[in-house]
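# Per-entry structural report
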Amino acid sequence: MATLRQARGTPYPDVLEAAAACERAGADGITVHLREDRRHIQDADVYALRKALRVRLNLEMAVARDIVAVALSVRPDEVCLVPERRRELTTEGGLNTASNRAALARTVARLREAGIVVSLFIEPEAESIRAAADTGAECVELHTGAFCDAASPASAAPRLRRLVKAARLAHGRGLTVNAGHGINLANLPGILRLPHLDTLNIGHSIVARAVFTGLEQAVREMRAGMDAYAGGEA
């Protein structure tokens with residue numbers, strides 16, 4: 001919604017109106033990504049949502065000084081630390097937790113001291129999960145893009161097994177297991193085979209569907225699909 005708004009520099013579509021529609025349709029939370037280049041969500045959006053939302057606010061953010069300052073000021077319910085490159089269309093991969101463990105740990109500590117739940121967006125790899133646990137983060141969000149973008153069932157199967165294994169490992173390390181990136185109604189049944197899932201963060205496919213059905217209906221459809229979750233690996 002913010003991308004569409006910023007494309008023309010108009011005051012619409014209204015991010016608060018969109019969030020309210022998602023709440024009415026049964027969304028459990030609202031996720032926004034405050035990027036360093038402010039290409040879509042703006043600082044003012046984050047502050048306004050914090051005041052208006054009745055559901056949880058999840059702030060996706062890079063480990064950048066000014067963004068951390070906004071998070072500490074706004075105090076969303078949760079932040080998800082993500083990698084960020086200026087020219088990417090969307091977040092293209094997980095954090096390199098193993099190589100940036102110390103820096104991540106310092107940021108995680110500051111955010112947790114402010115009462116914010118911290119998640120790390122990572123690839124479904126054992127080393128990344130172990131390093132994420134070492135930073136003090138409470139959650140990981142497994143990057144589901146490789147599975148969701150698979151061109152065939154044959155290529156999807158090993159990617160799904162990798163996600164399942166990662167979810168088990170993260171849960172075993174005491175981490176809450178979230179997942180996101182590229183999830184839509186077609187690949188959702190596969191995602192629901194992951195064990196120990198707490199939260200799915202889904203944005204683009206819902207907005208794309210909303211072009212044809214309206215936003216509330218698009219959220220209801222996705223929420224209904226998620227309600228089929230029975231613990232994974234069925």
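Note: the structure precedes this text.
Notes on the structure follow. Treat the numbers as computed from the prediction; the structure is a model and nothing was measured.

The next point concerns the sheet that holds strand β1 (residues 29-33). The strand order β1-β2-β3-β4-β5-β6-β7 describes an open sheet built from seven strands, whose pairing is parallel. Each edge of the open sheet carries a strand with a single partner, namely β1 and β7 (197-201). When the angles between neighbouring strand axes are averaged without regard to direction, this sheet yields 25 degrees. The pairing of strand β4 (residues 117-122) with strand β5 (residues 139-143) spans four bridges and is parallel. Bridging across to β5, S119 finds its partner in C139. Strand contacts of helix α5 (residues 101-113): β3 (78-81) and β4, with the helix running at about 170 degrees to β3, the strand carrying the most contacts.

As for its placement among the helices and strands, H33 is situated in strand β1. Look at H33 and you get buried, because its relative accessible area is 9%. When the C-alpha positions of H33 and L59 are compared, they lie 5.9 Å apart, and in sequence the two are 26 residues distant.

Restricting attention to buried positions, one finds in helix α3 (residues 43-52) the residues D45, V46 and L49. An end-on view of α3 places all buried positions within 100 degrees of arc, on one side of the element. For α3, exposure combined with an orientation more than 90 degrees from the buried face picks out A44 and K51. For α3, the elements touching its buried residues are α1 (2-8), α2 (15-24), β1, β2 (56-61) and α4 (65-74).

This part takes up the side chain of T135. With respect to the element layout, T135 can be found in helix α6 (residues 126-135). Polar contacts involving the side chain of T135 include one to the main-chain carbonyl oxygen of A132, which spans 2.7 Å. Beyond its immediate sequence surroundings of up to four residues, T135 is in contact with R101, L104, A105, V108 and L120.

Cut-offs and rules
- Residues numbered from 1 in each chain as written.
- Predicted model: local features only at pLDDT ≥ 70, side-chain atom pairs only at ≥ 80, totals over all residues.
- Heavy atoms only, no water.
- Pairing = 2+ DSSP bridges.
- Helix = DSSP H or I, 4+ residues; strand = E, 2+ residues; numbered from the N terminus.
- Axes fitted to C-alpha atoms, helices over the stretch in contact; angles between N-to-C directions.
- Contact = heavy atoms within 4.5 Å.
- Buried < 20%, exposed > 50% of the residue type's maximum accessible area, 1.4 Å probe, protein only.
- Arc of directions from axis to C-beta.
- Polar contact = N/O pair within 3.5 Å; in protein donor to acceptor, adjacent residues only side chain to side chain.

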